[in-house]
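One-letter residues, chain by chain:
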Amino acid sequence: MVTIEINGQELKAKAGAMLIEVTDEAGINIPRFCYHKKLSISASCRQCLVEVKNAPKPLPACATPVMEGMKVFTRSPLALAAQKGTMEFLLINHPLDCPICDQGGECELQDVAVSCGSDVSRFVEGKRVVPAKNIGPLIATEMTRCIHCTRCIRFGEEIAGIREMGATGRGEHMVIGTYVEKSIDSELSGNIIDLCPVGALTSKPFRFQARAWELTQVEGVAPHDSVGSNLHLHLRGNKVMRVAPKDNESINECWISDRDRFSYQGLYSDDRLTVPKIKQNGEWQDVTWEVALDMAAAGLQEIGEGEQIATFVSPSSSLEELYLAQKVTRGLGSNNIDCRLRQGDFRLDGAEPAFSWLGLKITEIEDLNAALLVGSNTRKEQPILAHNLRKAAVSGAKVHFINPLQLELNYDASQQVTTPVGMVQSLAAVAKALGATGEGAAAKVIDKVVADDDAKAIASAMKDADNAAVMLGNIAAAHPDYSILCALASAVANASGATLGFLAEAANSVGARLAGALPHLLPGAKAATEKGLDAMKLQKLPRKGYLLLGAEPGYDFWDAGLNQSALESADLVVGLNTHTSPALEAAADILLPIAAFAETSGTYVNTAGEWQSFRGAVKPLGEARPAWKVLRVLGNLLDQDDCEYTSSEQVRDELALLCEGVVPDNSVGKAESADLHSAVDGLIRIGDVPPYALDSLVRRASALQQTKDAAPAAICINAEEAKKAGLADSDSAVVTQDGREATLSVSIDANIPDGCVRISAGLAGTETLGAQFGEVTLEKA
Amino acid sequence: MVNEVCLRTLDLDRPWLLEQYQSRGGYEVLSRILKEKTPPEEIIEEVKKSGLRGRGGAGFPTGLKWSFIARNAPGQKYVVCNSDEGEPGTFKDRDVLRYNPHQLVEGMIIAAYAIGATQGYNYIRGEFWEPYERFEAALEEARKAGFLGKDLLGSGFDFELHAHLGGGAYVCGEETALLESIEGKKGQPRFKPPFPAHFGLYGRPTIINNTESLASIPMILKEGGPWFADIGVKNSGGSKLFSISGNLNNPGVFEIPMGTPFSELLEMAGGVKGGRKLKAVIPGGSSAPVIPGEQMMDLTMDYDAIAGAGSMLGSGAVIVLDDTNCMVKVLERMSYFYHEESCGQCTPCREGTGWLYRVVSRIENGQGRQEDLDLLNDVAARISGRTICALGDAAAGPVTGMLKHFRDEFQYHIDHKKCLVGAG
Amino acid sequence: MNTIEVNNKAEIFSTEIRGEIDQWVAKYPADWKQSAVMAALRIVQDANGGWLTTELMNDVAAYLDMAPIAVYEVATFYSMYELKPVGKHKICICTNVSCMINNSDRVVDHLEDRLGIKLGQTTEDGRFTLKEVECLGACGGAPMMQIGKQYYENLTPEIIDSILEGLE
């Protein structure tokens, strides 16, 4: 620590810290543009010049390390003259088009101009004009306003890990941008909107929609991955106008994914469900809530046998919704509730960890020295966790992936790309290389494999690392041999001393376990004495009545085709949904419109086990109502006990009591069956869920749907396999899976291994297909 | 005492050849150092004693610069030569490269030995194709003769040296921009600290010296630091290459002792062309503030004398202007240069150089306004001392210098919308 | 990462060009291939009639494992790279101070008259481009110009004529 003096005020500071860090900490404002606490120092804007005693020239506070006894003046005549000088230079070529600029009112340049600017310009020459370039559907550019702070460039290089933006040309002609017409494709790209201190980079969907001073800001929690990024929702009246990050160093720092930033557009899609509806004689009718709820309650009661009722809940539902959904279901005498809608292998049931989680704090990911990710397209599934993983990799961690597709990574890592059954064998080989024998199914699989050089390399990296982790992602969770992958991952973790982690799929995948929204778990993640059937069995053995909470048939289930036929054969399907769709309308009998993201209060438990509650920011659209209220009324109508909640907080607190003392636990029990369901004779489908197909809301977020990551469903296959199947790029082909068909276009993709065909799930055109991972045949259409 | 150091082989038939260089004792100093395993500290000490100051323009003591390197720190270190000669008026390093490349190579090897570097680069401006080829040929000869490569002359010391060609950017003459450029990036100067001695090329400790500075090393070590120092005057050791151009009968490069009167240099350059009156001199490259001719005639060519007259010796590029020149036009051209060559990264230089140029250009074109001269001084002051590198200062210096000495010419332009020189 | 995926680098450029680029790559540390970007751009530009297309820059990026934008930055920063077609002979005329006061205007005027184009333009037959450049470090021979790799100093209209006549 050193002692310095700033404007006569004595301060203690960490030796080597930059002056601006110290003044920021002390609440002393120094204007700046290029400096950003999360980015490298560029010291180029020269706005933060301050006077340092005995220095001959003003020094940039962002790049001047503090030294013992340093005397600094941030508002002295010398400092102010320097700051004013820079401001004048920044403004001479700035268009000063604040009245038509979206940044107006929240512009750092405007703010600093108030303190450092002059009211009259001395510049009488022509101003610079920079032609606009289209950089994609998310970010609007107006580069004439750019002040060349390079925050966006540094963000790309240092945080997003993709150099997409650059500064081309030199001097006054230097232009920040992509040089060629090219979209910015990073999954974190929207953060440059926040970073841009002026109106050069603004939100395209938000463009000209509102002025900053018309908006009110409330807090929220992001609903599309298991991080629970903290948000600021910007509202005008009863409408969410845009979403921005709220700083939380322990979770999302100051970033959010594009998915969390732009999904709000889905709130206002045309197919939003805004009135209760019932189907009579095949025709949908709008009805009152009273009629719809009475019908739902009567229909459920009519089924009579509890085990004939099943509830499918979206893992993106709030903790309160999940808790009440299981309460209503169990009140009907059924344990048939499941949130694992995208899971196909339930052979671990009972032996799977009751309260599985990341295994680490989010901030601990960057301290890893080695990581093995199994079945995880981390960047797309969990952008913020991927950012943390990248930080580890950039500082030297050895990161390995075992996946059924080659990933586009933004750091150096090793990737084993193999078939689904190859994934099991690769992971088993790592276990073997570590000397693990495993038990049950794991033992059998390990016994049969040879530890090759790749496996040995991964094994030694994991073993040698002080901090290592084995993590299972969304692809693993949807793998036909998930039970065996879990057992093997556990064996690898045990043998290498690594932490086992689950990158939970959705905002409340972890919370659902605490809420008891699983057939074998009661609230508080307690084992149920009477177990219900898992999600797959509930479809393979169709029930008479189904309750859907936030789940959409055709899109949110592991086996879309099976799901639809199960629902179609039921006597009663009650959908509590935010949006409608032809598939939902075909399957359901009663549709109850529920509040979507931002419209209801609730709680998410993120993958690190942190509870985060949020309040409703806007009123639900139309007659939609918060699902917790709908479920409460349903409980009342079904004469269930203890269903008299007056607030979601009350529901949460009741559950919290039940969860007291419950700690996360990733211990995996014994998997018995060693049958490899992923071993198929022909081609196997890789049905990953693309980031913008994840849930009802993002599927309807129009700007996100125009991005590269929202490509339409296609048959992605490598050139070799395509040749074998007699297919060429852009051909139209028929996919047959479990006797169901879909016609899609062929896309040759070198990232897909032999024996595999990637047909992503959750996309239009795939509703009729079968399991996310399963045998398919292809034929030219 | 002319042509004693860098141009000492100029009288030979083809002085760029190894055998010719060796005929004047070339590589003997290096051989002696390698054979005797001269302690590096001694070499640095000798360079310090020579009073050699960076010949690229900044004038920083070379020996001192070398001593900043942590010689015994593990890992790669680099010696980099700055042959990105680009300061308008400067054309001396081109002659070193063309006529005495081996002396530069020898100097670089000695520098590498002194700081413990095993790899060096010579950054040659991209337009210098002929000098580049001469330098490459010299490298090839030196390699064959065992002066470059592994285990030089059986000493156990390794050193490899390559040329790197620039691509046309004045700012790469700034040492950290030059390093960025070798790293395959835009030539944007780095913020300092850290200095290259600690974080240089590829993040490793690096010394960067000008071509002339490094080419002076063999003679300094041959004849001793004091010998070199004594050629010159106090604070300005040695002789120096002066590039003298402009309105002259015999412009060219002259290697003369520091402290030589300007009048003698002018005489060597054949005097002002056509016997016209000496109007002004830009004594150290275009970024050096102009000095009126009469004042210049009383000055000597050394750091202190030129600094005392409010300018700088810089790279020793002397531009001589006769009385037919319009100073507004001269400044307009110089300001255009800095505006063109600003790298663009920091605000005052990116925005200010264009502003300066446009105002001067308006005045030159008869659209000057009464407030423009104060504005120019003020804008120059707002650039000066507030940028990452010295290009900002370089752009400001000519403006303030011209307005200090020739304000009346500018005022005449504004008042009469025409040139005083033409009108006179 | 961040680079253009190319399965086979041998498919980029001709053997000769690859060989030339590789010679430059070899001068730098193994993990600093990008140091050869300026040389690679120069080599590729020379082979392409004196200018760079976006495709060529992308190829250089792929060959040196760089992000394309990093190559665009370099190509647009240095004045010797041309991003539009140029004539077979690029005539670079210095107009900086020492040349200017030695009548570089006359050099420019003469060339503009003779070739019928202005600075920055290319003759219709694609033979000549006139380019104004900054100080080329040959002020002792002012006024001067560079054509291709060659410097020409102490220019007069007569000398210029004879130089042009000597060009193919």
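Note that this is a predicted model, so its numbers are computed, not measured. (Residues numbered from 1 in each chain as written. Chains lettered and ligands numbered in written order. Predicted model: local features only at pLDDT ≥ 70, side-chain atom pairs only at ≥ 80, totals over all residues. Heavy atoms only, no water.)

1. With respect to the overall build of chain A
Okay, so step 1: Looking only at helices and strands, chain A has 22 helices and 34 strands in total.
Okay, so step 2: For 781 residues, the compact-globule estimate of 2.2 N^0.38 gives 28 Å, and chain A sits close to it at 28 Å.
Okay, so step 3: Burial analysis of chain A (781 residues in total) assigns 65% to the buried set.
Okay, so step 4: In chain A, once contacts between residues fewer than 6 apart in sequence are set aside, the share between residues at least 24 apart is 72%.
Okay, so step 5: Just so you have it, chain A exposes about 27,500 Å², and 50% of that area is on carbon and sulfur atoms.
Okay, so step 6: Here chain A contributes 72 positively and 100 negatively charged side chains, and the mean placements of these two sets differ by 6 Å. (Helix = DSSP H or I, 4+ residues; strand = E, 2+ residues; numbered from the N terminus. Rg over C-alpha atoms; globule rule 2.2 N^0.38 Å. Buried < 20%, exposed > 50% of the residue type's maximum accessible area, 1.4 Å probe, protein only. Contact = heavy atoms within 4.5 Å. Areas by Shrake-Rupley, 256 points an atom, 1.4 Å probe, with all protein chains shown as cover. Lys, Arg positive; Asp, Glu negative; His and termini not counted. Charge placed at Lys NZ, Arg CZ, Asp CG, Glu CD.)

2. Topic: the pairing of strand β27 (residues 602–605) of chain A
All names here are of chain A.
Okay, so step 1: Side-chain alternation along β27 places Gly602 and Tyr604 on one buried face and Thr603 and Val605 on a second face that is also buried.
Okay, so step 2: Note: β27 against strand β28 (residues 611–614), four bridges, orientation antiparallel. Bridge assignment links Val605 to a residue of β28, and that residue is Trp611.
Okay, so step 3: Linking β27 to β28, which pair antiparallel, is a turn of five residues; within it Gly609 sits at a positive phi near 80°. (Pairing = 2+ DSSP bridges.)

3. Structural notes on helix α2 (residues 77–92) of chain A
Because an α-helix packs 3.6 residues into every turn, residues spaced three or four apart end up facing the same way.
Okay, so step 1: Here α2(A) contains 16 residues, and its C-alpha end-to-end distance of 22 Å stays within 8% of the 22 Å for a straight helix at 1.5 Å per residue.
Okay, so step 2: Taken across its 16 residues, α2(A) has twelve buried, putting it largely inside the fold.
Okay, so step 3: Restricting attention to buried positions, one finds in α2(A) the residues A:Ala79, A:Leu80, A:Ala82, A:Gln83, A:Gly85, A:Thr86, A:Met87, A:Glu88, A:Phe89, A:Leu90, A:Leu91 and A:Ile92.
Okay, so step 4: The secondary structure elements touched by the buried residues of α2(A) are β3 (49–52), β5 (71–73) and α3 (108–116) of chain A together with α15 (347–364) and α16 (372–383) of chain B. (Expected span 1.5 Å × (residues − 1).)

4. Details of the interface of chain C and chain A
Okay, so step 1: Counting residues at the interface gives 14 residues for chain C, matched by 18 residues for chain A.
Okay, so step 2: Carbon and sulfur atoms supply 58% of the area buried between chain C and chain A, which totals about 1,200 Å² over both sides.
Okay, so step 3: For the pair chain C and chain A, the interface holds one salt bridge.
Okay, so step 4: At the junction of chain C with chain A, the criterion picks out four residue pairs in polar contact (both at pLDDT 80 or more).
Okay, so step 5: Elements that contribute at least two residues to the side of chain C that touches chain A include exactly α3 (54–63) and α4 (68–77) of chain C.
Okay, so step 6: For the side of chain C that touches chain A, a count of residues per class yields nine nonpolar, four polar and one charged. (Buried area = accessible area lost by both parts, 1.4 Å probe. Salt bridge = Lys/Arg side-chain N within 4 Å of Asp/Glu carboxyl O. Polar contact = N/O pair within 3.5 Å; in protein donor to acceptor, adjacent residues only side chain to side chain. Nonpolar A, V, L, I, M, F, W, Y, C, P; charged D, E, K, R; others polar.)

5. Some words on the interface of chain B and chain C
Okay, so step 1: Taken residue by residue, the interface counts 55 residues in chain B and 38 residues in chain C.
Okay, so step 2: Both faces considered, chain B and chain C share a buried interface measuring about 3,800 Å² in area, 56% of it formed by carbon and sulfur atoms.
Okay, so step 3: The largest share of the area that chain B buries against chain C comes from B:Glu127, B:Lys186 and B:Arg333, three residues that together contribute 17% of it.
Okay, so step 4: Our enumeration of links across chain B and chain C arrives at four salt bridges.
Okay, so step 5: For the pair chain B and chain C, the number of links is 22 residue pairs in polar contact (both at pLDDT 80 or more).
Okay, so step 6: Elements with a minimum of two residues in the side of chain B that touches chain C: β2 (119–124), α7 (129–144), β3 (160–165), α8 (175–182), β5 (239–246), β11 (317–322) and α14 (327–341) of chain B.
Okay, so step 7: Per-element accounting of the side of chain B that touches chain C gives the leading share, eight residues, to α14(B).

6. A short note on the nonpolar core
Where a protein is soluble and globular, its nonpolar side chains tend to be buried together.
Okay, so step 1: Membership of the largest hydrophobic core comes to 126 residues, with the highest contact counts inside it found for B:Trp66, B:Ile109, C:Ile21, C:Leu41 and C:Leu64.
Okay, so step 2: Counting residues per element, this core draws most heavily on helix α6 (residues 101–115) of chain B, at ten residues.
Okay, so step 3: Apart from residues no more than four positions distant in its own chain, C:Leu64 is found in contact with C:Ile21, C:Val25, C:Lys33, C:Ala36, C:Val37 and C:Ala40.
Okay, so step 4: Counting 104 residues, the second-largest nonpolar core is a separate cluster that includes A:Ile153, A:Ala478, A:Ala535 and A:Ala587. (Core = buried A, V, L, I, M, F, W, Y, C linked by side-chain atoms within 4.5 Å.)

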